[in-house]
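Structural description and commentary
Listed below, chain by chain, are the residues.
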Amino acid sequence: MKVEFYKHSLIDEDIQNTVKALRSLFLTTGPVCAEFENRFSSFTGVEHTVALSSCTAAIQLTLEALGVGPGNEVITTPMTFIATATAIIHTGAKPVLVDIEPETGLIDPDLVESAITPKTKAIVPVHLYGTMADMKAFRSIADRHGLFLVEDAAHCIEGERDGIRPGQISDAACYSFYATKNLTCGEGGALATNNRTLAEKVRTLRQHGMSNEASDRYHGLYQHWDMVDLGWKYNFNDILAALLITQMARLRFYWEKRQRLYSKYCELFEGIDILTIPELRGKSAHHLFTIHVPSRLRDFLVRYLGEERIGVAVNYRAIHTLTWFKKTFGFQANDFPKAKAFGDRTISLPFYPNLQGEELNAVVAAVIGGLNQIPK
Ligand SMILES: *Cc1c(COP(=O)(O)O)cnc(C)c1O
């Protein structure tokens, strides 16, 4: 049986809503984007949402709007997708990596304080696989040192920890609607913030630094616009916003399905002593399901599963081990030993609402089959 690594959950209703947007006057950032932003704010409980072309854009523009730039340092984790760090680098600031808690893969708040220097401007925790980093701890560190706190919530629309959800006690949370994320339209992103000034600044920066938005210029009487800042072209569009709006009503239902799949995987993998599953904290958004095997077996098992037609991925090899980061920052593999070990052991398995019971059983059987191939 072939099992895809990921399948989206779009239905006719989403497609119809998109067709409606396609038949409207204005295809880019307009009323449908605004409707999506309002609905997203209701879901997150965070006052302002600004829709953007990607989560990478959201992280960069949030930092830009907060004044982060050349000469500054921003603390983040090596156990993430490269975009967390490259968004920091594109502001001109330097990413400073801090090692993880091995049980969860999350950036370790106890190690952050010793990485803070007079140049540090912000901390960007990543809510890996949907489990939130310890935001209470990060809030108090940020307060103590006068730092901004920006969450990479690309995996974590639905998560909660200590009664806190993304965007609620930070400067902003950044989300992704990329092809494989829990809420998807292929490409897209957003930031959520309770800071009105920050939201307005990002609205300007996403559209060339222009004083009013494109739809304002096309609806109603012509009005001169001004360029008030140096911005980027990171705006979202009504076609893709339409695809997200109808999906939002099903987010909780899909989360419950992934929660059941998570429990099923854990149950079936129980008792295999060379296989472990990262620990959760609080309510995970359940974005990815990962297993850990000894690093000497990982690449063998990845290849074996591929040959058995089971879709797999590695999220992630620690970013400080990748060529460009090594070359640019002089990182050594053992600079962040816990992230290195975590990234060398991890395999992501198929995990999405429409994954069928028999498919999940086939994945588990293939993993066990692969481990049995390995000479003891
Ligand atoms: C997907 C992802 C991003 C980037 O999202 P884009 O919308 O593709 O820019 C950033 N951080 C993490 C942890 C991600 O998984």
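Residues numbered from 1 in each chain as written. Predicted model: local features only at pLDDT ≥ 70, side-chain atom pairs only at ≥ 80, totals over all residues. Heavy atoms only, no water.

Concerning empty space enclosed by the protein
Short version of the rule: Using only the protein atoms, space was sampled on a 1 Å grid; points where a 1.4 Å probe fits but cannot get out form cavities, open sets with protein on both sides within 12 Å along at least five of seven lines form pockets, and lining residues are those with an atom within 4 Å of a point. Grid points are joined across faces, edges and corners, and a volume is the space filled by probe spheres set on the points. All residues other than Ala, Val, Leu, Ile, Met, Phe, Trp, Tyr, Cys, Pro, Asp, Glu, Lys and Arg, Gly among them, are scored as polar; the first ten of these are nonpolar and the last four charged.
A complete count under the given rule lists two cavities of 30 Å³ or more for this structure. Lining of the largest cavity is provided by 14 residues; of these, Tyr 129, Tyr 262, Pro 278, Leu 280 and Leu 288 occupy positions nearest its centre. In terms of residue class, the lining of the largest cavity is built from eight nonpolar, five polar and one charged. Within this model, the second largest cavity holds a volume of roughly 90 Å³. Lining the second largest cavity are 14 residues, and of these Tyr 6, Ser 9, Lys 181, Asn 182 and Pro 353 sit closest to its centre. Residues that form the lining of the second largest cavity fall into these classes: five nonpolar, six polar and three charged.

Here's the deal with the packing of helix H1 (residues 12-22) against helix H9 (residues 238-248)
Note the following rule: To define axes, lines are fitted to C-alpha atoms, for helices over the stretch in contact only, and angles between the resulting N-to-C directions are given on a 0 to 180 degree scale. A helix here means a DSSP run of H or I that spans at least four residues, while a strand means a run of E at least two residues long, and both kinds are numbered starting from the N terminus. Throughout, the term roughly parallel applies to angles under 35 degrees, roughly antiparallel to angles over 145, roughly perpendicular to angles from 65 to 115, and oblique to all others. Each helix crossing is assigned a hand: it is left-handed if the near helix lies turned anticlockwise from the far helix by less than a right angle, otherwise right-handed if that turn is clockwise. Residue contacts are counted whenever heavy atoms from the two residues lie within 4.5 Å of one another.
Packing of H1 against H9 brings their axes to within 8 Å, and their N-to-C directions diverge by 150 degrees. Classed by the angle they form, the pair H1 and H9 counts as roughly antiparallel. Seen along the crossing, H1 lies across H9 with a hand that is right-handed. Between H1, through Glu 13, Asp 14, Asn 17, Thr 18, Ala 21 and Leu 22, and H9, the contact on the second element is made entirely by Asp 238, Ile 239, Ala 242, Leu 243, Ile 245, Thr 246 and Gln 247.

As for the packing of helix H3 (residues 55-65) against helix H4 (residues 82-90)
At a minimum axis distance of 8 Å, the contact between H3 and H4 shows a crossing angle of 40 degrees. In this structure, H3 meets H4 at a crossing whose hand is right-handed. Note on element contacts: H4 touches H3 through Ala 83, Thr 84, Thr 86, Ala 87, Ile 88 and His 90, opposite Thr 56, Ile 59, Gln 60, Leu 63 and Glu 64. Grouping the amino acids of the contact of H3 with H4 by side-chain chemistry returns five nonpolar, five polar and one charged.

Side note on the site of the ligand
Selection rule: It suffices for a single heavy atom of a residue to lie within 4 Å of a molecule or strand for the residue to be listed as near it. Each accessible area value is a Shrake-Rupley result obtained with a 1.4 Å probe; residue values ignore everything except the protein chains displayed when judging cover. Should more than half of a molecule's atoms lie within 2 Å of a pocket's or cavity's grid points, that molecule is taken to sit in it.
For the ligand, the set of nearby residues contains 16 residues, the closest of which are Thr 56, Asp 152, His 155, Ser 176 and Lys 181. Within the complex, 93% of the 390 Å² of free accessible area of the ligand lies under protein. Applying the majority rule of atoms within 2 Å of the grid points places the ligand in the largest pocket. Going through the elements one at a time, H3 and H4 are the ones with two or more residues in the shell around the ligand. Residue composition of the shell around the ligand, grouped by class: seven nonpolar, seven polar and two charged.

Such coordinate-based values are descriptive only and should not be taken to indicate function.
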